[in-house]
Amino acid sequence: MSRIGKNPVVLPDGVEATIAGREVTIKGPKGSLNWTVPFEIAFEQEEKEISFTPKKDDKPSRALWGLSRAMVQNMVTGVKEGYEKSLELRGVGYRAQAQGQKLTMQLGYSHPVEMDVPAGLTATVENNTIVKIAGFDKQLVGQFAADVRAKRKPEPYKGKGVRYADEHVRRKEAKKK
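Residues numbered from 1 in each chain as written. Predicted model: local features only at pLDDT ≥ 70, side-chain atom pairs only at ≥ 80, totals over all residues. Heavy atoms only, no water.

*Asks:* Please set out the nonpolar core residue by residue, giving values where relevant.
*Replies:* Counting 21 residues, the largest nonpolar core has Leu87, Met105, Ile133 and Val148 as the members making the most contacts within it. The leading source of residues in this core is helix H2 (residues 138-150), at 4 residues. Grouped together as the second largest cluster of nonpolar side chains are 18 residues, Val9, Ala17, Trp35 and Phe52 included. (Core = buried A, V, L, I, M, F, W, Y, C linked by side-chain atoms within 4.5 Å. Buried < 20%, exposed > 50% of the residue type's maximum accessible area, 1.4 Å probe, protein only. Helix = DSSP H or I, 4+ residues; strand = E, 2+ residues; numbered from the N terminus.)

The structure is reproduced here in C-alpha cells:
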C-alpha cells in the first residue's frame, strides 16, 4: 500500500480543481496547471478533496498511485504558494544579471553564457552571484535550475562553479609535491 497515495489531496481556499475525463486542472491565484492521470489509477473529487486508488494491485499501479497523488499535490502547492530555487555562482569573476526574460552569466568562459528564461518563470539576481528562479510549476523550476547549473558544474578542487544554495560540494585534496 502506498503511504503517499492513500492520503487525499486537500484543496485550500482559493484553489479549485476541474476534472474532465482523465485530465485534472488546478486553478489558483498564481496560475493554472493540468495533468493527465494514468489509466491504471481511479480518482474522484469530493468537495475539497481529491482521492486516488489503483485499479489493480500490482507494482506498476502502486507506483503510479503515489505518483498521481504527488503530482496533483505539487500542482496545488504551486498555484497557491509557488516554488523557488536558489543558485550560487562561486569563482573569481563569476557573476550574473537578469534582463527581462534573459539570464546572462560570466562563468569563466571567453564569452558570456546567455539563457532564455522559460515562460511562467522569473529569474532574479541578488549581489551578482545569487540567482533565484521562481514559478508555479515545480518541474519547470527544477529543470531550468538544473540547466543553469549544468553550464558550469561545481568542480571538486576549488569549488568553483554554479551550485544550489543548499548544496554541499565534497572537496578533494590537491596533488602532493
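*Asks:* Before we move on, can you summarise the sheet that holds strand E13 (residues 161-164) with the specific residues and values?
*Replies:* As summarised here, the arrangement of the 4 strands in space is E11-E12-E7-E13, forming an open sheet in which the pairing is antiparallel. Pairing within the sheet leaves two strands with one partner each, and these edge strands are strand E11 (121-126) and E13. Put simply, the sheet's adjacent strands are angled 25° from each other on average, direction ignored. By the bridge criterion, 6 bridges tie E11 to strand E12 (residues 130-135) in an arrangement that is antiparallel. Of the residues in E12, the one forming a bridge with Val125 is Val131. Along the sheet face, H2 touches strand E7 (83-90), E11, E12 and E13 and points at about 5° away from the line of E7. (Pairing = 2+ DSSP bridges. Axes fitted to C-alpha atoms, helices over the stretch in contact; angles between N-to-C directions. Contact = heavy atoms within 4.5 Å.)

*Asks:* If you had to explain the sheet that holds strand E10 (residues 113-116) to someone new, which residues and values would you point to?
*Replies:* Read across the sheet, 3 strands follow the order E8-E9-E10 without closing on themselves; strand pairing throughout is antiparallel. Single-partner strands in this sheet number two, and they are strand E8 (95-99) and E10. Neighbour-to-neighbour, the strand axes of the sheet open up by a mean angle of 20°, direction not taken into account. Strand direction decides the pairing type here: E8 and strand E9 (residues 102-106), joined by 5 bridges, are antiparallel. Across the sheet, the residue bridging to Gln97 is Thr104, located in E9. Sheet strands in contact with H2 are E9 and E10, and its direction is about 170° off that of E10.

*Asks:* Explain the pairing of E9 residue by residue, including any values.
*Replies:* Hairpin geometry of E8 and E9 is characterised by an intervening segment of 2 residues between the two adjacent antiparallel strands and by a positive phi of about 65° at Gly100. The antiparallel hairpin formed by E9 and E10 contains 6 residues in its connecting segment, where Gly108 sits at a positive phi of about 85°.

*Asks:* Can you tell me about a negative patch on the surface, naming the residues and giving the values?
*Replies:* A cluster of acidic residues, Glu44, Glu46, Glu47 and Glu49, forms a negative patch at the surface. The topology assignment puts Glu49 in strand E6 (residues 49-54). (Patch = residues over 30% accessible without salt bridge, like charges linked within 9 Å, V, L, I, M, F, W, Y side chains within 5 Å. Areas by Shrake-Rupley, 256 points an atom, 1.4 Å probe, with all protein chains shown as cover. Salt bridge = Lys/Arg side-chain N within 4 Å of Asp/Glu carboxyl O. Lys, Arg positive; Asp, Glu negative; His and termini not counted. Charge placed at Lys NZ, Arg CZ, Asp CG, Glu CD.)

*Asks:* Hey, could you go over unusual backbone geometry for me, with residue numbers and the actual values?
*Replies:* With phi around 55°, Glu47 is a residue other than glycine that occupies positive phi space. Phi angles above zero are rare outside glycine, and Asn127 is one such case at about 55°. Mapped onto the fold, Asn127 is located in the loop between E11 and E12.

*Asks:* Outline the pairing of strand E3 (residues 23-27), supporting the account with residue identities and numerical values.
*Replies:* Relative to E3, strand E2 (residues 16-20) runs antiparallel, the two being bridged by 5 bridges. Bridge pairing links Thr18 to Thr25 in E3. Taken together, E2 and the strand that follows it, E3, pair antiparallel across an intervening segment of 2 residues, in which Gly21 is found at a positive phi of about 70°. Two elements, E3 and strand E4 (residues 32-36), share 5 bridges in a ladder whose sense is antiparallel. The residue bridging Lys27 from the neighbouring strand is Ser32, located in E4. Connecting E3 to the antiparallel partner E4 that follows it, the hairpin turn spans 4 residues, and Gly31 within it adopts a positive phi of roughly 160°.

*Asks:* Could you give an account of the side chain of Arg163, with specific residues and numbers?
*Replies:* As for its placement among the helices and strands, Arg163 is situated in strand E13. Summary of buried charges: Arg163 has no salt-bridge partner, and the nearest side chain of opposite charge, Glu88, is 5.1 Å away. For Arg163, the side chain forms a polar contact with the main-chain oxygen of Gly159, separated by 2.7 Å. If near-sequence neighbours (up to four positions away) are discounted, Arg163 is found in contact with Ser86, Leu87, Glu88, Arg90, Arg149, Pro154 and Val169. (Polar contact = N/O pair within 3.5 Å; in protein donor to acceptor, adjacent residues only side chain to side chain.)

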